[in-house]
Every structure is written in C-alpha cells, then in structure tokens.
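A structural walkthrough
Here's the letter readout for the chains.
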Amino acid sequence: MQDFIQQLSGAIDQKYLLTQEEDKAPYLTDWRKRFTGKALAVVLPSTSAEVAGIIKLCAQHQVAVVPQGGHTGFCGGATPDNSGTQIILNLKRMNRIREVDVANQTITLEAGCILQAVQDKAVEHGFLFPLSLGAEGSCMIGGNLATNAGGTNVLRYGNTRDLCLGLEVITAKGEIWNGIKGLRKDNTGYDLRDLFIGSEGTLGIITAAVMKLYPLPISQWTTLVACENVASTITLLNLFQKRASALLTGFEMMTRESLDLNEKHFPQMANPLKGNPPYTVLIELSDHESEEHVRQLLEAILEEAFEAQLISDAVIASNLSQANGFWHMREHITLAQAQEGANLKHDITIPLSSLESFIQVTDALMRDRFPGVRIINFGHLGDGNLHYNIAPPLGIDPKTFNEFNEKQIHELVYDQVERCKGSISAEHGVGQLKLDGLRAHKGKVAHELMKTLKRALDPQNILNPHKVVSI
Ligand code: FAD
Ligand code: MLT
Ligand code: ZN
C-alpha cells in the first residue's frame, strides 16, 4: 500500500492527496450520519486526465475506489467500507462549466458542479435547469447522474437521466470515454450513456456531462390543498393532468403526521391549512403565456375540485415569498426527520392505481407487527413516488429500535411493493442500504444480467465494490 500511495503522489498534487486522519474525516460520513467508513486516502482531482491517472494506478494495484460528490445520498453509496483499504475520489474540484450552448439549449459541465450553481448559471442565460431537490445546495451533478436523482420536477421534465444528452466517463481501466455530445437523437448501438447513469459509481467515474436546458416559465402559481384521503389526492392529480397537462410542474403529497413532525422541530414551518388535514397537496403550475392565463386556469381547476368534493380547503400563494414558504415546508420534512433521529426510509414507486391498496395494507400490517410505530409518509405523488418512512414509537430510542426491527420492516414494505408491482427504489438508488433488497426483489434474471455487466466493465471489482450488486 505504501508503494501505491507513493505512486499516487506522482499522479496528483500532494495538497490534494489526503492521508492524515483529521483531513480524511469530513469525507467518511454521509449527510444523514447513517453510514461511516475508513479510507486509505482521499483524492481530490481537478481534471479528467488526473482522474484517469488515479484509476489506472488503482487498477494496477487492485485498490478499490469510492467516487463521491456532495455525500448527500441516502443509501451509503459514497461511503467507503470499514477495511481502510479503499480510496475516496471526491470530485468537488471538477466544478467548471465548460459551455452554455444557447442555440442547442444545453449546458456542458463537470461532475463536481453543485446543482444550485447549475440552476443559477442556466437562469443567467435565460434558461431553466429543472432538476430540483432539497439537497441542491450541496449535491453535485455527478452524484445526481450517478444516482439518477429525481426531485420535485420529474412529472414535467423527467429525472436526471431524461435531462442528460452526453457523458464523459473514466472506465475501470483508466480510459477516458468521450461521449460529450449534445444530441437529442443518436441510435448508434448500445446506449452507453444510459448504462452509466444510475450505476452509482460501480461501472465508471462520471467526470463531465451535457445536460438539457429549457425556456424559463414566465409565471408560476403555487397552491396548498386539503384532501381527506389518498383516493382523493389521486383523482385530484388526474384532474390536474387532464386540465393543465404540461403546465403541471409540481404535485407533492404530505401527510398530517409528516407535517406534525415538521411543526414539532420547525414551528415556523406550520401548515397554513386549517387543522393540518390528513393529506396536504402542494401543486405548482408553470406557464409560458401569461400570469393571468395560469391563475385563471388554477382557479377554475380548484373550483371543479371543490365541487367534486376532492378538496376541502385551499390556499393560493399570493407572492413569490409565500410560494417559497410552501416549498420550504415540503422540503423541511427531511430535516425534521433528521432532527427526530434515525428513521427508516423507503423510497418506493407504485402504480398510482395500486397506491391506495399499498398504503392501506402496509399501514395495517406495520401497526399490527410493530405497535406504536409512526408512519411518516410524503412524496412526489405525481410520479407515484412515496417516501414511506417509519419512526419508532415515541419514547423508544431509534438506534435500539432499528437494531432489532430494521430488517423485518424493510422486508414487510418490500413484499408489499412487489405485490403492487412497484420498485423498491424510485430515486434514491441502492448503494449499500438496499443491496439485499435488490437481490431479493429485482428478479433473478435481471439481477444476473446486472452482475454480468458489472463483471464485463469492472472485472477487478475496483469501482465502488459491494454497492448496488455484489459479484
Ligand atoms: P453522493 O452522495 O456523493 O454519491 C451518491 C452515489 O453516486 C454514490 O454511489 C457515489 O459513489 C456515486 N457518485 C457520486 N459522484 C459520482 C461520479 N462523479 N461518478 C460516478 N459515481 C459518482 N434524491 C432524490 O433523488 N430526490 C430528492 O428529492 C432528494 N432530496 C434530498 C433532500 C435532502 C435534504 C438530502 C440530504 C438528500 C436528498 N436526495 C434526494 C438524495 C441525494 O441528494 C441525491 O441522491 C443526490 O443525487 C446525491 O448527490 P451527491 O453529489 O451528494 O452524491
Ligand atoms: C424528498 O423527496 O424530500 C427527498 O427524497 C428526501 C427524503 O426522502 O427525505
Ligand atoms: Zn424525494
């Protein structure tokens, strides 16, 4: 290993090769503090050529590499194991915007760009970069691509995969694959770009990408509405899809329990809807025509929803600051959960036609087998993506509760997901957290095909081993 470290110091400036415990410490634990590991070294390259040189050395010495962006992922994908033999390759210094192509409506950028900086750059040029999530101030585009992140705009603009046109990737041999092309059509055989997106650093290191930009909407209207049950929220979604079609850019559901938790930890984030109803839905419409046009449309749809008794209350944001307040309330649920202590997260998708049955059956089984648990549900209802989270009964230490019940709780949820033909990961990915879950629920043939791909692209198993699939 000493030999390896010595050669590494020839591949990167000494300043950016961290081997002292206190220097490595900030890179060893994830945002939620659920995963921690040890690392032989942390490297902070600033060019694709440097990344390629580092990977070549890793291949030569059979040293495993854990790629890392903002370390905000929920599945332990960017955290090394406890062996102390792996290196962390953090891409934060690769944060250049290479080009904004106005005519092609694309932005070419490096993997270490912070998501919010990309959104801001797009606005500077009069465009929208629609990927948006609570961690946007610290997650990086490479991490977004590696996890195929979702967020709150998926129902209109798709997930990160849908926003990407081209990639630059360092392979397990340390070669640079230059797929930096801004093409909306390219049928030249296998889609390598899509193979790397969502592979969580197990097939290659993403160093740069070409992403799509969109025209900025000229007006957005945001509303919070009260629903009594899940069925109403889904019928309401269908009504908005029918009447607003592509103008519908956000449809987020929050249960009473999730907003109670928010209020407990952030009293300033209390639900403005009277009595904090069983289900609060945050709806956003965006328009390119006129403010008047979208406001009238929103009011007309809400009127129809009231008449059909789908909603019992509604507040329309009267200005930008109020609209931002609604979104902050939605995004603070994750922070409230973090304050409350280690809760068990499930990030699932269910066909909307089965969502009500999923919730009814899973809630009943959960309460029967784990009396007193708190079910903190919220999610991107427009995508059928539910964050079905379990917190221990009040007064029970979360760590002790999880130690005895985590495996059974995950299994209970995943069995119901399978019954409803859903997915055990909608947007957060697999990492180390759902390795067993994926093995059990992906399907045998699909799981074997994934392992075949991993063996073909990374035969020495040096790229983020034991994440997503174990070979
Ligand atoms: P990291 O956590 O550093 O890494 C994630 C995975 O990608 C790891 O497996 C890592 O090895 C790999 N990786 C990182 N960079 C590269 C690279 N350049 N090349 C190859 N592999 C790489 N996620 C959603 O999908 N939707 C949400 O709405 C959402 N909301 C969130 C809100 C909060 C408050 C927080 C803390 C997280 C949220 N997340 C959400 C999860 C997380 O932010 C996303 O998964 C994000 O895409 C991770 O980016 P990152 O840069 O932090 O990646
Ligand atoms: C969200 O939708 O807010 C994120 O996915 C974070 C979470 O699940 O807590
Ligand atoms: Zn989410």
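In what follows, the accompanying structure is described. (Residues numbered from 1 in each chain as written. Chains lettered and ligands numbered in written order. Predicted model: local features only at pLDDT ≥ 70, side-chain atom pairs only at ≥ 80, totals over all residues. Heavy atoms only, no water.)

**Notes on the overall build of the protein**
How we decide: Each helix is a run of DSSP H or I of at least 4 residues and each strand a run of E of at least 2, with the numbering of both proceeding from the N terminus. Throughout, exposure labels follow a simple rule: accessible area from a 1.4 Å probe, protein chains only, divided by the maximum for the residue type, with under 20% read as buried, over 50% as exposed, and the rest as partly exposed. The protein chains shown are the only cover counted for residues, whose accessible areas, like all others here, come from Shrake-Rupley with a 1.4 Å probe. For the purpose of counting charges, residues Lys and Arg are taken to be positive, whereas Asp and Glu are taken to be negative. His and the chain ends are not included. Each charge is placed at NZ for Lys, CZ for Arg, CG for Asp and CD for Glu.
Tallying secondary structure elements over the protein gives 16 helices and 18 strands in all. Projected onto its principal axes, the C-alpha coordinates of the protein cover approximately 75 × 55 × 45 Å. Counting the 471 residues in the protein, one finds 55% classified as buried. Total accessible area on the protein stands at roughly 20,200 Å², and carbon and sulfur atoms take up 51% of it. Distance between charge centres in the protein, computed from 43 positive and 53 negative side chains, equals 6 Å.

**Digging into the coordination of the zinc ion (ligand 3)**
Note the threshold: Each metal site is built from N, O and S donor atoms within 2.8 Å (3.2 Å for Na, K and Ca), and since water is not included, such sites may look incomplete.
The coordination sphere of the zinc ion (ligand 3), as far as protein atoms go, consists of His380 (NE2), His387 (NE2) and Glu427 (OE), spread over 1.9 to 2.1 Å. For the zinc ion (ligand 3), the single-chain donor residues occur in sequence as H-x6-H-x39-E. Pair check on accessibility: His380 and His387 agree, each one buried.

**Structural notes on the pattern of salt bridges**
For the record, the criterion: A pair is scored as a salt bridge if a Lys or Arg side-chain nitrogen falls within 4 Å of a carboxyl oxygen belonging to Asp or Glu.
Scanning the model with the defined rule gives 18 salt bridges in all. Taking the shortest distance from any N to any O, the salt bridge between Glu299 and Arg295 comes out at 3.2 Å. Placement of the pair is Glu299 and Arg295 together in helix 11 (residues 291-307), with a separation of four residues, close to one helical turn. Using a relative accessible area of 23% as the deciding quantity, one classes Arg295 as partly exposed. Among the salt bridges present, the one from Lys451 reaches Glu448, with a minimum N-O distance of 3.4 Å. In this pair, Lys451 and Glu448 both sit in helix 16 (residues 444-457), three residues apart, roughly one turn of the helix. Judged by relative accessible area, which is 16%, Lys451 ranks as buried. Connected through shared salt-bridge partners, Arg96, Arg98, Glu110 and Glu168 make up one network.

**A look at the nonpolar core**
Rules: Here, nonpolar core refers to any group of buried Ala, Val, Leu, Ile, Met, Phe, Trp, Tyr and Cys residues whose side-chain atoms link them within 4.5 Å. In this analysis, two residues are considered to be in contact whenever any of their non-hydrogen atoms come within 4.5 Å of each other.
Leu236, Phe240, Phe251, Phe358, Met366 and Tyr388 are the most contacted members of the largest nonpolar core, which totals 48 residues. Breaking this core down by element, the ones donating at least two residues are strand 12 (219-227), helix 9 (230-244), strand 13 (248-255), strand 14 (279-287), helix 11, helix 13 (352-369), strand 18 (385-391) and helix 14 (398-419). Ranked by the residues each element gives to this core, the list is headed by helix 9, at seven residues. The contact partners of Leu236, leaving out residues within four places of it in the chain, are Val225, Cys227, Phe251, Ile283, Ala305, Leu310 and Ile311. Core analysis: the next-biggest nonpolar cluster, separate from the first, contains 28 residues, Leu115, Val118, Leu145 and Ala209 among them.

**Some remarks on the packing of helix 1 (residues 2-11) against helix 3 (residues 48-61)**
Threshold: Here the axes come from fitting lines to C-alpha atoms, over the contacting stretch only for helices, and the angles between their N-to-C directions go from 0 to 180 degrees. Here the word oblique covers every angle except those under 35 degrees (roughly parallel), over 145 (roughly antiparallel) and from 65 to 115 (roughly perpendicular). For any pair of crossing helices, the crossing counts as left-handed if the nearer helix is rotated counterclockwise from the farther one by less than a right angle, and right-handed if it is rotated clockwise. Residue type decides the class: Asp, Glu, Lys and Arg count as charged, Ala, Val, Leu, Ile, Met, Phe, Trp, Tyr, Cys and Pro as nonpolar, and the leftover types, Gly among them, as polar.
Interhelical geometry of helix 1 versus helix 3 gives an angle of 165° and a closest axis separation of 10 Å. What the angle tells us is that helix 1 and helix 3 run roughly antiparallel. Crossing of helix 1 against helix 3: the hand is right-handed. In this structure, helix 1 contributes Asp3, Phe4, Gln7, Leu8 and Ala11 to the contact, and helix 3 contributes Glu50, Ile54, Leu57, Cys58, Gln60 and His61. Within the contact of helix 1 with helix 3, the residues separate by chemical class into six nonpolar, three polar and two charged.

**Side note on the site of ligand 1**
Let me state the cut-off plainly: For each residue, the test is whether any non-hydrogen atom lies within 4 Å of the molecule or strand; if one does, the residue is near. Think of a polar contact as two N or O atoms within 3.5 Å of one another; within protein, one of them needs to be a possible hydrogen donor and the other a possible acceptor, and neighboring residues in sequence only count if both atoms come from side chains.
Residues in contact with ligand 1 amount to 36 residues; listed here are only the nearest, Pro67, Gly69, Gly70, Thr72 and Gly73. A distance of 2.8 Å separates an oxygen atom of ligand 1 from a polar backbone atom of His71. The contact in question runs from an oxygen atom of ligand 1 to an N or O atom on the side chain of Thr72, over 2.7 Å. When the free accessible area of ligand 1 is taken as 980 Å², the share hidden by the protein chains comes to 97%.

**Observations concerning the environment of Ala39**
Tracing the sequence through the fold places Ala39 in the loop between helix 2 (21-24) and strand 2 (41-43). With a relative accessible area of 7%, Ala39 lands in the buried category. Sequence separation of Ala39 and Thr79 is 40 residues, and the distance between their C-alpha atoms is 9.1 Å. Residues contacting Ala39, with those up to four places away along its chain left out, are Lys24, Leu28, Pro80, Gly84, Gln86 and Ile88.

**Quick word on the sheet that holds strand 16 (residues 347-349)**
Applied cut-off: Two strands qualify as a pair provided that DSSP identifies no fewer than 2 bridges between them.
The seven strands lie next to each other as 15-12-14-13-17-18-16, forming an open sheet whose pairing is antiparallel. The outermost strands of the open sheet, each flanked by one partner alone, are strand 15 (313-316) and strand 16. Here the strands of the sheet are splayed against their neighbours by 20° on average, with no regard to which way each runs. Pairing geometry for strand 13 and strand 17 (residues 374-380), over two bridges, is antiparallel.

**Overview of the packing of helix 13 against helix 14**
Close contact between helix 13 and helix 14 brings their axes to 10 Å; oriented N to C, the two are set at 155°. For the element pair helix 13 / helix 14, the angle class is roughly antiparallel. Seen along the crossing, helix 13 lies across helix 14 with a hand that is right-handed. Packed against helix 13, whose contacting residues are Ser357, Phe358, Val361, Thr362, Leu365, Met366 and Arg369, the element helix 14 presents Ile409, Leu412, Val413, Gln416, Val417 and Arg419 at the interface. Residues belonging to the contact of helix 13 with helix 14 are distributed by class as follows: eight nonpolar, three polar and two charged.

**A short note on the packing of aromatic side chains**
The condition that has to hold: Within 6.5 Å between ring centres, the rings of Phe, Tyr and Trp (the latter by its six-membered ring) count as paired, and their orientation is classed by plane angle as stacked under 30 degrees, edge-to-face over 60, tilted in between. The criterion is that NZ of a Lys, or CZ of an Arg, lies within 6 Å of the ring centre and within 35 degrees of the ring normal, and then a charge sits over that ring.
Under the counting rule described, the total for this entry stands at five aromatic pairs. For the ring pair Trp31 and Phe74, a centre distance of 6.5 Å and an interplane angle of 70° mean the geometry is edge-to-face. A residue pair is termed long-range when its members are at least 10 positions apart, and Trp31 in the loop between helix 2 and strand 2 and Phe74 in the loop between strand 3 (65-68) and strand 4 (87-90) qualify at 43 residues. You can call Trp31 partly exposed: its relative accessible area is 36%. Relative accessible area serves as the criterion here: at 15%, Phe74 is assigned to the buried category. It is Arg93 that lies over the ring of Tyr16; its NZ or CZ is 3.3 Å from the centre. Over the face of the ring belonging to Tyr157 we find Arg156, whose NZ or CZ atom lies 4.6 Å from the ring centre.

**Re the layout of surface pockets**
Where we set the bar: The definitions used throughout rest on a 1 Å grid laid over the protein atoms alone, on which a cavity is an enclosed set of points accommodating a 1.4 Å probe that cannot get out and a pocket is an open set flanked by protein within 12 Å on both sides along at least five of seven lines; lining residues are those having an atom within 4 Å of a point. Grid points are joined across faces, edges and corners, and a volume is the space filled by probe spheres set on the points.
In this structure, the second largest pocket encloses a volume near 740 Å³. Among the elements of the structure, helix 5 (141-147), helix 8 (192-196), helix 14, helix 15 (435-441) and helix 16 are those that each provide at least two residues to the lining of the second largest pocket. Examining the composition of the lining of the second largest pocket, we find that four residues originate from one element, helix 16, more than from any other. Considering only residue class, the lining of the second largest pocket consists of 15 nonpolar, 11 polar and eight charged.

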